[in-house]
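Take a look at the letters that make up each chain.
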2 protein chains.
Amino acid sequence: MQSSAIREILKITQRPDVISFAGGLPAPDLFPMEDVRRAADAALTRYGAAALQYSTTEGHPPLREWIAAQAGIPAGNVQIVTGSQQGLDLLGKLLIGEGDVVLVEAPTYLGALQSFQPYLPQYVEMPTDGGGIDVEALEGILKAQQAAGRPARLLYAIPNFQNPTGRTLSLERRERLVELTAEYGVLLLEDDPYGQLRFTGEALPSLYELGLRRSGDVDRNHVIYSSSFSKTLVPGLRDAWVQAAAPIISKLIQAKQGADLHTPTLNQMIVTELLPILPAQIERVRAAYGERARLMVTAIREHLPPEAEFTEPQGGMFLWITLPERLDTEALLPGAVERRVAYVPGRPFFALGGGHSTMRLSYSNASPAQIAAGMAALGETVRGALEE
Amino acid sequence: MQSSAIREILKITQRPDVISFAGGLPAPDLFPMEDVRRAADAALTRYGAAALQYSTTEGHPPLREWIAAQAGIPAGNVQIVTGSQQGLDLLGKLLIGEGDVVLVEAPTYLGALQSFQPYLPQYVEMPTDGGGIDVEALEGILKAQQAAGRPARLLYAIPNFQNPTGRTLSLERRERLVELTAEYGVLLLEDDPYGQLRFTGEALPSLYELGLRRSGDVDRNHVIYSSSFSKTLVPGLRDAWVQAAAPIISKLIQAKQGADLHTPTLNQMIVTELLPILPAQIERVRAAYGERARLMVTAIREHLPPEAEFTEPQGGMFLWITLPERLDTEALLPGAVERRVAYVPGRPFFALGGGHSTMRLSYSNASPAQIAAGMAALGETVRGALEE
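Nothing here was measured: the structure is a model prediction, and the numbers come from that model.

Caption draft 1: Geometry of the domain arrangement of chain A. Residue and element names in this part refer to chain A. Looking at the assigned domains, one finds that chain A contains domain 1 (2–32 + 279–387) and domain 2 (57–264). Tallying the contact residues gives 33 residues for domain 1 and 31 residues for domain 2. Carbon and sulfur atoms make up 67% of the area that domain 1 and domain 2 hide from each other, which totals about 2800 Å². At the surface where domain 1 touches domain 2, the tally comes to zero salt bridges. Summed over the shared surface of domain 1 and domain 2, the result is eleven residue pairs in polar contact (both at pLDDT 80 or more). For the side of domain 1 that touches domain 2, the elements supplying multiple residues, two or more each, are helix H1 (5–12), helix H11 (278–303) and strand E12 (318–322). If one sorts the elements of the side of domain 1 that touches domain 2 by residue count, H11 sits on top with seven residues.

Okay, here's the thing in structure tokens:
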């Protein structure tokens, strides 16, 4: 399943007769359609032919400058990429040599594993609990890898409303994670597509921000930050960015040049035109996803057996269910789809296997009626399997 | 220079006081601005939120189908990519292992060398003359590589109005090239961004078409074809495609998924909306580039010393000048820029070095007045150097 999982998921979500909690799709009913239409028109008027011409690899200057200002860093430390996925791919290409030890959460974002795979890393999994990465266990792993002469090269983490689990790393763990990786000389790649979409609890500093405080120098920060406009505005424009120290950005520019010369010019300009509406748009998405998450949590309590454990996300698009060990969520999927509900079995999110009784559900792109009907169908599926 | 050459070139072309023949920029004065504006609007209306949502990795179905119909092949043999550059990068990733022998023209497209480089090929150069690849010399190379136990894996060629030379491969050479590569088990990657932009002479069949005739089976064609809407419509949308046998396409889909999930959705829909105006647009571009090429050839005859050899392109955007051996075009460039004209020194286009006395000129994005003034300045530069 691993290699083509995302693709197959995107296909299932296109079947209109299935209520799909499988996709990682932002809600299209929240897309600011008329704003995008006006933004495209405005960009073509403002920039004329330059909006459709080749442009610089680094990205559209006003967009880089805005991102940099938000982060309080120079624009030179920002690289625009064609979706976060491209950032992960290029960073994999730059940072991972064959056999390099890459630490990943268990479970982690499937698309990152797919991006890194061509560069042949040796994955080492970090144990996680309801609070995300177990940093004490991590210290043991870092020590052991160093002692074995195979020190970790890169640590990949999603601290906010993680994909697939919806879990959030506490401030204390963030500080420890940044400290430990710095101490052991491990590059820390922070993937943060959902950070803006918090609907409950207090915002926490990014690992990047903590790394910056620690190093005191934007060009000596060992944390690399990746984020995107896909989840806050719209995904189909494929506009995202990477923040990093100058030596990494300068290699990233070269890698990006070989990969696609530059991110589409018009798309960067459209996003730039949309920046004034971004705060209100984020509020709309937060409110809607918060409501959908609450409905799904309520429906889980109503329909799933009490043995099913689940996360209550503070933001983002996903939650994670762990069924009793004797159930296999891949085996259950055909029965669920027969009942017209779909989820993603958890197994592909584990770099080294396992997770057979877990599943990821996305509530972002589901109406209240779909959540009620879909979770009832899922409950039937699970209860039926438990009774067998 | 090699690694950041394109980027630096793009920067020089942005200086308004320099007449630049250096860029490979299509003429923005020919961009169908109002058609693009209407197409963006129409795509948003026709597809609604789907125009801004994630979409399938393979590409927008109507666009794939149109491309496939033009080539007389099934849509399943077409993969949409984010600019030709991405196609080259992904094909490099799939097809080139460390140390694999890759045959390239001398000179060849610099961006292809940059795309392939991360996969650590061993380049072997094919000698060229005014008619492109010397196929008799190629046969000797293929034999020698095979005898040495290092058979070539991939041959990269630009048969139409090559970048950087503007040369076109004859039908006879095309047939021999397809035959030889098939015979020696070498994959043939045909890069054809300019093929539609022929302004003189007769259109010749693509290598892909000849490969298809030879194999009689779209899924056993050893020729892989890459082309783009960048030179016919506009480059800033980054819409291009690859045609290949199913086993290659299926790996390409996986590689693309890891690289950027999919090409921006809206952009593919905009291009699809523009397909009805494409024939008229191609006619406009052909007529304009044909006129500009003729003016530049005339200006070369007028201003450059008779020792300067040059190509007379039948299409595309480039021509190639070879100065007497004792001149070095990298050394001449600062003097040329002082006289407010820019070109690209030829050296970076050679995978294995050489070409110190060559230069690439692009006429696509230059007015008659710029061609006259720029070529006079270039003539002064060259004549001055010859007199030293």
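Caption draft 2: Looking closely at the interface of chain A and chain B. Tallying the contact residues gives 58 residues for chain A and 58 residues for chain B. Carbon and sulfur atoms make up 59% of the surface buried where chain A meets chain B, a total of about 4700 Å² over both sides. Across the chain A-chain B interface, the total number found is four salt bridges. Run the count over chain A and chain B and you get 25 residue pairs in polar contact (both at pLDDT 80 or more). Its residues placed into classes, the side of chain A that touches chain B shows 23 nonpolar, 25 polar and ten charged.

Caption draft 3: Spatial organisation of helix H4 (residues 84–95) of chain B. All names here are of chain B. Here H4 contains twelve residues, and its C-alpha end-to-end distance of 16 Å stays within 8% of the 16 Å for a straight helix at 1.5 Å per residue. Summarising burial for H4: eleven of the twelve residues are buried, a large majority. Of all the residues in H4, the buried ones are Ser84, Gln85, Gln86, Gly87, Leu88, Asp89, Leu90, Leu91, Gly92, Lys93 and Leu95.

Caption draft 4: Region of interest: helix H7 (residues 171–183) of chain A. All names here are of chain A. The terminal C-alpha atoms of H7 lie 18 Å apart, and with 13 residues this matches the ideal 18 Å at 1.5 Å per residue to within 8%. Here H7 has its buried residues at Arg174, Leu177, Val178, Leu180 and Thr181. Along its buried surface, H7 packs onto strand E6 (132–133), helix H6 (135–147), strand E7 (152–157), strand E8 (187–191) and helix H8 (207–215). In the stretch just after H7, Gly185 is the one whose phi turns positive, near 65°.

Caption draft 5: Quick look at the relation of the copies chain A and chain B. Least-squares fitting of chain A to chain B yields an RMSD of 0.0 Å, with the superposition described by an axial translation of 0.0 Å and a rotation of 180°. Within this description, the copies of the chain are treated as partners about a two-fold rotation axis. Among all residues of chain A, the one whose C-alpha sits closest to the rotation axis is Ala40 of chain A, at a distance of 3.7 Å. Interface residue correspondence from chain A to chain B reaches 100%, placing this contact among same-surface, isologous pairings.

Caption draft 6: Seen up close, the side chain of Ser206 of chain B. Topologically, Ser206 of chain B is positioned in the loop between strand E8 (187–191) and helix H8 (207–215). Beyond its immediate sequence surroundings of up to four residues, Ser206 of chain B is in contact with Arg174, Glu190 and Tyr225 of chain B.

Caption draft 7: Up close: the nonpolar core. Membership of the largest hydrophobic core comes to 110 residues, with the highest contact counts inside it found for Leu155 and Leu177 of chain A together with Leu155 and Leu177 of chain B. Those residues within four positions of Leu177 of chain A in sequence are excluded, and the remaining contacts are Ile133, Val135, Leu138, Leu155, Ala157, Leu169, Leu188 and Leu207 of chain A.

Caption draft 8: Highlighting the environment of Asp239 of chain A. Residue and element names in this part refer to chain A. Note on placement: Asp239 falls in the loop between strand E9 (223–228) and strand E10 (240–243). Judged by relative accessible area, Asp239 falls into the buried class, the value being 2%. Excluding residues that lie within four positions of it along the chain, Asp239 makes contacts with Ile80, Val81, Gly83, Ser228, Phe229, Ser230, Thr263, Asn267, Gln268 and Val271.

Caption draft 9: Structural view of the pattern of salt bridges. Tallied over the full model, the rule gives 34 salt bridges over all chains. It is possible to trace a salt-bridge network through shared partners that takes in Glu34 and Arg37 of chain A together with Asp41 of chain B.

Caption draft 10: Geometry of the sheet that holds strand E3 (residues 101–105) of chain A. Residues and elements named next belong to chain A. If you trace the seven strands from one edge of the open sheet to the other, you get E2-E10-E9-E8-E7-E3-E4, paired in mixed fashion. The outermost strands of the open sheet, each flanked by one partner alone, are strand E2 (78–81) and strand E4 (122–126). Strand-to-strand twist in this sheet, taken as the mean axis angle between neighbours without regard to direction, amounts to 20°. Sitting on the sheet, helix H9 (residues 246–260) is in contact with E2, E8, E9 and E10, with an inclination near 25° to E2.

Caption draft 11: Inspection of the side chain of Glu190 of chain B at higher detail. All names here are of chain B. Among the secondary structure elements, Glu190 is positioned in strand E8. Look at Glu190: it is buried, it has no salt bridge, and the nearest opposite charge is Arg174 at 4.8 Å. Polar contacts involving the side chain of Glu190 include one to the main-chain amide nitrogen of Leu207, which spans 2.9 Å. Ignoring anything within four residues of it in the chain, the contact list for Glu190 reads Ala157, Pro159, Ser206, Leu207, Tyr208, Val223, Ile224, Tyr225 and Ser226.

Caption draft 12: Region of the structure containing the pairing of E3 of chain A. Residues and elements named next belong to chain A. Here E3 lies mainly inside the structure; five of its five residues are buried. Of the two faces of E3, the one lined by Val101, Leu103 and Glu105 and the one lined by Val102 and Val104 are each fully buried. The pairing of E3 with E4 spans five bridges and is classified as parallel. Residue pairing across strands places Val101 opposite Gln122, the latter belonging to E4. Viewed along the sheet, the connection from E3 through helix H5 (residues 110–116) into E4 turns out right-handed. Where E3 and E7 come together, four bridges link them in parallel fashion. Counted as the bridge partner of Val104 is Tyr156 from E7.

What counts as what
- Residues numbered from 1 in each chain as written.
- Chains lettered and ligands numbered in written order.
- Predicted model: local features only at pLDDT ≥ 70, side-chain atom pairs only at ≥ 80, totals over all residues.
- Heavy atoms only, no water.
- Domains from an automatic or database assignment.
- Contact = heavy atoms within 4.5 Å.
- Buried area = accessible area lost by both parts, 1.4 Å probe.
- Salt bridge = Lys/Arg side-chain N within 4 Å of Asp/Glu carboxyl O.
- Polar contact = N/O pair within 3.5 Å; in protein donor to acceptor, adjacent residues only side chain to side chain.
- Helix = DSSP H or I, 4+ residues; strand = E, 2+ residues; numbered from the N terminus.
- Nonpolar A, V, L, I, M, F, W, Y, C, P; charged D, E, K, R; others polar.
- Expected span 1.5 Å × (residues − 1).
- Buried < 20%, exposed > 50% of the residue type's maximum accessible area, 1.4 Å probe, protein only.
- Least-squares fit on C-alpha atoms with pLDDT ≥ 70 in both.
- Core = buried A, V, L, I, M, F, W, Y, C linked by side-chain atoms within 4.5 Å.
- Pairing = 2+ DSSP bridges.
- Axes fitted to C-alpha atoms, helices over the stretch in contact; angles between N-to-C directions.
- Lys, Arg positive; Asp, Glu negative; His and termini not counted.
- Right-handed = clockwise from strand over helix to strand, strands pointing away.

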